[in-house]
Amino acid sequence: MSRPRLEDRLRERVAAKRKLLIPYVMAGQSEDWLETVQAIADAGADAIEIGLPFSDPIMDGPVIQEAAVLSLERGTTPQSVLNELGRLELDTPLVVMTYFNLVYRAGLDRFAGRLQEVGVTGCIIPDLSLEEFSGWEKAAERVGIDPVLLVAPSTSAERAKAICERSRGFLYAVGRMGVTGERDDASLEVGAVVSKVRPFTSLPVCVGVGVSTPEQAAAVVKVADGAIVGSALVRRLLEGGGPEGAATFIGELRSAIDSVTFDA
Amino acid sequence: MSEGSAAPMAEPTKAGWFGDFGGRFAPEPLMPACLQLEEAFRDAWADPAFHEEFEEVLHSFGGRPTPITVCKRLSEELGITLLLKREDLAHTGSHKINNVIGQALLTKRMGKSKMIAETGAGQHGVASATAAALLGLECTVYMGEVDTQRQALNVFRMELLGATVHPVTSGSRTLKDAVNEAMRTWVAQVDDTHYCLGSVMGPHPFPWMVREFQSILGTEARDQSQAILNDVPDYVVACVGGGSNAAGLFSGFAESRSQLIGVEALGGAAIASGIPGVLHGMMSQILQDEQGQILEAHSISAGLDYPGIGPEHAHLASIGRATYATADDDEVLDALERLSNTEGIIPALEPSHALAWIMREAGKKIPKGSTVLLNMSGRGDKDVAQVREILQAKGRFQ
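These numbers come from a predicted model, not from an experiment.

Caption draft 1: Region of the structure containing the overall build of chain B. Looking only at helices and strands, chain B features 15 helices and 14 strands. Relative to the 2.2 N^0.38 estimate, which gives 21 Å for 398 residues, the radius of gyration of chain B is 19 Å and therefore close to what a compact globule would have. Taken along the three principal axes of its C-alpha coordinates, chain B extends 55 × 50 × 50 Å. Every one of the 398 residues in chain B was classed for burial, and the buried ones make up 66%. Carbon and sulfur atoms make up 50% of the accessible area of chain B, which amounts to about 13600 Å² in all.

Caption draft 2: Representation of the overall build of chain A within the structure. Secondary structure assignment for chain A yields 12 helices and 8 strands. By principal-axis analysis of the C-alpha atoms, chain A measures approximately 45 × 40 × 30 Å. The buried share of chain A, taken over its 264 residues, is 64%. Restricting the contact set of chain A to residue pairs at least 6 apart, pairs at least 24 apart contribute 75%. Separation between the mean location of the 27 positive side-chain charges and that of the 37 negative ones in chain A comes to 5 Å.

Caption draft 3: Structural detail: the packing of helix H6 (residues 108-117) of chain A against helix H7 (residues 134-142) of chain A. All names here are of chain A. Axis separation between H6 and H7 bottoms out at 9 Å; the angle between their running directions is 35°. For H6 against H7, the interelement crossing comes out right-handed. Contact with H6, carried on its side by Leu-108, Asp-109, Phe-111, Ala-112 and Leu-115, involves Gly-135, Trp-136, Ala-139, Ala-140 and Arg-142 of H7 and no other residues of that element. Residues belonging to the contact of H6 with H7 are distributed by class as follows: 7 nonpolar, 1 polar and 2 charged.

Caption draft 4: Main features of the nonpolar core. The biggest cluster of nonpolar side chains holds 92 residues, and the ones touching the most others in it are A:Phe170, A:Tyr172 and B:Trp186. Ranked by residue count, the leading element in this core is helix H1 (residues 31-45) of chain B, at 8 residues. Each residue touching A:Tyr172, except ones within four places of it in the same chain, is listed here: A:Glu49, A:Ile124, A:Val148, A:Leu149, A:Leu150, A:Val151, A:Cys206, A:Gly208, A:Val209 and A:Ile228. If you look at the next biggest cluster of nonpolar residues, it comprises 75 residues, including A:Val118, A:Val229, A:Leu237 and A:Ala256.

Caption draft 5: Geometry of the interface of chain A and chain B. With 34 residues of chain A in contact, the opposing surface of chain B contributes 35 residues. The junction of chain A with chain B conceals about 2900 Å² of combined surface from both sides, 57% of it contributed by carbon and sulfur atoms. Among the residues chain A hides against chain B, the three largest losses belong to A:Ile58, A:Arg105 and A:Glu132. Together they make up 23% of the total. Our count for the contact surface shared by chain A and chain B stands at 2 salt bridges. There are 18 residue pairs in polar contact (both at pLDDT 80 or more) connecting chain A and chain B. Secondary-structure elements contributing two or more residues to the side of chain A that touches chain B are helix H3 (62-73), helix H5 (100-106), strand E5 (146-151) and helix H8 (157-166) of chain A. With 5 residues, the top contributor of residues to the side of chain A that touches chain B is H5(A). Residue composition of the side of chain A that touches chain B, grouped by class: 19 nonpolar, 8 polar and 7 charged.

Caption draft 6: Representation of the side chain of A:Thr76 within the structure. All names here are of chain A. For Thr-76, the location among the structural elements is in the loop between H3 and helix H4 (78-86). Side-chain polar atoms of Thr-76 contact the side chain of Ser-71, separated by 2.8 Å. Every residue in contact with Thr-76, bar those within four places of it in the chain, is listed here: Ala-27, Gly-28, Pro-53, Ser-71 and Val-81.

Caption draft 7: How the structure looks around a nonpolar patch on the surface. A surface patch of nonpolar side chains, amounting to about 360 Å² of accessible area, comprises B:Leu153, B:Phe156 and B:Leu160. In this structure, B:Leu160 sits in helix H7 (residues 152-160).

Caption draft 8: Seen up close, the side chain of B:Arg184. Relative to the elements of secondary structure, B:Arg184 occurs in helix H8 (residues 175-189). Once residues lying within four places of it in the same chain are set aside, the contact partners of B:Arg184 are A:Pro57, A:Ile58, A:Asp60, A:Gln65, A:Val179 and B:Ser170.

Caption draft 9: Here's a closer look at H8(A). Inspection of H8(A) places A:Arg159, A:Ala160, A:Ile163 and A:Cys164 among the buried residues, and these make up the whole buried set. With its buried residues spanning 135° around the axis, H8(A) presents them on a single face. For H8(A), the secondary structure elements touched by its buried residues are E5, strand E6 (171-174) and helix H9 (190-197) of chain A together with H1 of chain B.

Caption draft 10: The pattern of salt bridges, seen in detail. Per the counting criterion, the structure on display carries 44 salt bridges over all chains. Between A:Arg235 and A:Glu239 there is a salt bridge, and its shortest N-O distance comes to 3.2 Å. Judged by relative accessible area, A:Arg235 falls into the partly exposed class, the value being 26%. Of the residues examined, A:Glu239 reaches a relative accessible area of 56% and is grouped as exposed. Between B:Glu312 and B:Arg211 there is a salt bridge; the shortest N-O distance is 2.6 Å. Here B:Glu312 is found in helix H12 (residues 311-318), whereas its partner B:Arg211 is found in helix H9 (residues 206-229), with 101 residues between them in sequence. Judged by its relative accessible area of 4%, B:Glu312 is buried. B:Arg211 sits in the buried class, given a relative accessible area of 3%. The structure contains a network of salt bridges with shared partners spanning A:Arg13, A:Arg18, A:Asp46, A:Arg254 and A:Asp258.

Caption draft 11: Structural context of the sheet that holds strand E13 (residues 322-327) of chain B. Residue and element names in this part refer to chain B. The strand order across the open sheet formed by 6 strands is E3-E4-E14-E9-E10-E13, and the pairing between neighbours is mixed. Here the strands that pair on one side only, and so sit at the sheet edges, are strand E3 (68-70) and E13. Each strand of the sheet is rotated relative to its neighbour by a mean of 25°, with strand direction disregarded. The pairing of E3 with strand E4 (residues 81-86) spans 3 bridges and is classified as antiparallel.

Caption draft 12: Region of the structure containing the sheet that holds strand E5 (residues 114-119) of chain B. Residues and elements named next belong to chain B. Reading across the sheet, the 4 strands line up as E7-E6-E5-E8 and stay open at both edges, with parallel pairing between neighbours. Each end of this open sheet is capped by a strand with a single partner; those strands are strand E7 (164-168) and strand E8 (193-195). Neighbouring strand axes in the sheet, compared pairwise and without regard to direction, differ in orientation by 25° on average. Along the sheet, helix H5 (residues 123-135) contacts E5 and strand E6 (138-144); its crossing angle with E5, the most-contacted strand, is approximately 165°.

Caption draft 13: Here's a closer look at the packing of aromatic side chains. As enumerated under the stated definition, the model contains 17 aromatic pairs over all chains in all. Taking the centre distance of 6.3 Å and the plane angle of 70° together, the rings of B:Trp45 and B:Phe50 count as edge-to-face. Pair check on accessibility: B:Trp45 and B:Phe50 agree, each one buried. Above the plane of the ring of A:Phe249 lies A:Arg236, whose end atom (NZ or CZ) is 3.7 Å from the centre.

Caption draft 14: Representation of the environment of B:Ala15. Residue and element names in this part refer to chain B. Among the secondary structure elements, Ala-15 is positioned in the segment before strand E1 (17-18). Ala-15 gets classed as partly exposed once you look at its relative accessible area, which sits at 25%. Between the C-alpha atom of Ala-15 and that of Ser-301, which follows or precedes it by 286 residues, the distance is 33 Å.

Reading guide: rules and limits
- Residues numbered from 1 in each chain as written.
- Chains lettered and ligands numbered in written order.
- Predicted model: local features only at pLDDT ≥ 70, side-chain atom pairs only at ≥ 80, totals over all residues.
- Heavy atoms only, no water.
- Helix = DSSP H or I, 4+ residues; strand = E, 2+ residues; numbered from the N terminus.
- Rg over C-alpha atoms; globule rule 2.2 N^0.38 Å.
- Buried < 20%, exposed > 50% of the residue type's maximum accessible area, 1.4 Å probe, protein only.
- Areas by Shrake-Rupley, 256 points an atom, 1.4 Å probe, with all protein chains shown as cover.
- Contact = heavy atoms within 4.5 Å.
- Lys, Arg positive; Asp, Glu negative; His and termini not counted.
- Charge placed at Lys NZ, Arg CZ, Asp CG, Glu CD.
- Axes fitted to C-alpha atoms, helices over the stretch in contact; angles between N-to-C directions.
- Left-handed = near helix turned anticlockwise from the far one by under 90°.
- Nonpolar A, V, L, I, M, F, W, Y, C, P; charged D, E, K, R; others polar.
- Core = buried A, V, L, I, M, F, W, Y, C linked by side-chain atoms within 4.5 Å.
- Buried area = accessible area lost by both parts, 1.4 Å probe.
- Salt bridge = Lys/Arg side-chain N within 4 Å of Asp/Glu carboxyl O.
- Polar contact = N/O pair within 3.5 Å; in protein donor to acceptor, adjacent residues only side chain to side chain.
- Patch = residues over 30% accessible without salt bridge, like charges linked within 9 Å, V, L, I, M, F, W, Y side chains within 5 Å.
- Arc of directions from axis to C-beta.
- Pairing = 2+ DSSP bridges.
- Phe/Tyr/Trp six-rings, centres within 6.5 Å; stacked < 30°, edge-to-face > 60°.
- Lys NZ or Arg CZ within 6 Å of the ring centre and 35° of its normal.

So, in structure tokens, the structure goes:
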């Protein structure tokens, strides 16, 4: 099915002065995971990251690792969850997040084609560095998938410029040095990383890694265009929150983020 | 991907490719650290003062050069001339000391005060803790929880040397997961911490840098075998997990007529059973399923239980410059026992794989009368309790 193109939709929303909320769910984590995707879309997500589980996720902390293990134990394969996603009627752009070996194993063009067939319009591959990006960049471009790149607090200005020039969809700004996971807000380095990339791009800049609470999300969107929330949501799902619990949490994040927009 | 390097075992391309293997598949937060490390290594490796310090520490502290021993009785029984490069006599009991001294000196040169390392059997962890103690660095070693139980004495050694051992409880709780956890930690602490990777693997510049630090053993072995044989050996043989001892040895003979043979554990044979893929920052031959999920490696030797292999080995295999074979657990035990009682040397389980291949192929793939150099990469002390248990269970010893 066709869904809105990631970058078009996010740019429209930013132009309309809406701050962006991008939650992350692990595909296949539980039987009702698709209902969760639907529920968080209805609760106000602007785009949704869909994690395809990988056995060795080096950019992820313990919560997302646990969800990946659960999903793999349930027999999840990239194709099985993509097929399920294709059946979803949804007006929210979907962004797949996974590791490069799954993409490479399927074949770059074939993998991009599969995403396109099921209506995924963006893709994040955290272990694919700028240096090794060009093959995937071409494969994604051919079928209209936006490949999203990361900028970290450690990234130099020169490197940030090169990354900004080639990222599509949005720019994923890593909010703190570390892997995914919930943190207290003291460690977020949002201001510095966002101001580092602003001069080089008109893309929406969304901050992830360590954004866990409505308060943190609100603080993030004071400087950035959007907040990405992964582990805090996945933990609630691991604890049995289900689609309803997920929707409640996304609702809280949404209100916190929207209050910032109205203040501004 | 880039075109291959000119000569076998030349420097990789600027992006870290050995032919179709290698590269730098690291998350962006780590990329600046990889680039900084490459620059620091290039600078150090071009500096005669760094080489001088590296070699001096390995001489006065590490016990280098290690000798070559010509096996008398076993050579006669096998109908070949068997030479052993005695890395088991280096400080901490294996070749691992070469790499950690290099990386610890580099850590100081970069102005960092902490080192983290992964370990499987514990050899690289003990070596890292040793180098850190020598140079006054803070050291944390990541070790799969399963391995901390299998190698409890090595955990104690590391602690005695002042290191902190962090048991890893994710995934299969073995070496692969220890690497994952060390990389995750490095992402968070990259400002003041160097990741002292233990083998010729990971993102560029690690595979190249570790080979360069280990090439000291290959250079020595080439000069020593020349003096003994008046020639290079016909065969140059080493065990391969990630492949650092083999890379160091092969580098001394890559441009000679010697046949280079790497021996993997049958249950962790990335060249024989793996296919190209990306793990731990590198493109290499990787054990994986149809979807690309990484498989566990299983053998008698924790040091070889790794589902990948250094990218340069994948390259050497693809261009035919080196050949990779396997040995199974039973052959390995036989080899360990036979070297012990014919030559008075108890080898570690890892080099026993390479010896097992030599014993199997002497008079077959290895023609009678050949000269064969084996890298005795580590001593067997760490393995005797495990070997005793297995041999007793087979009714071989009381």
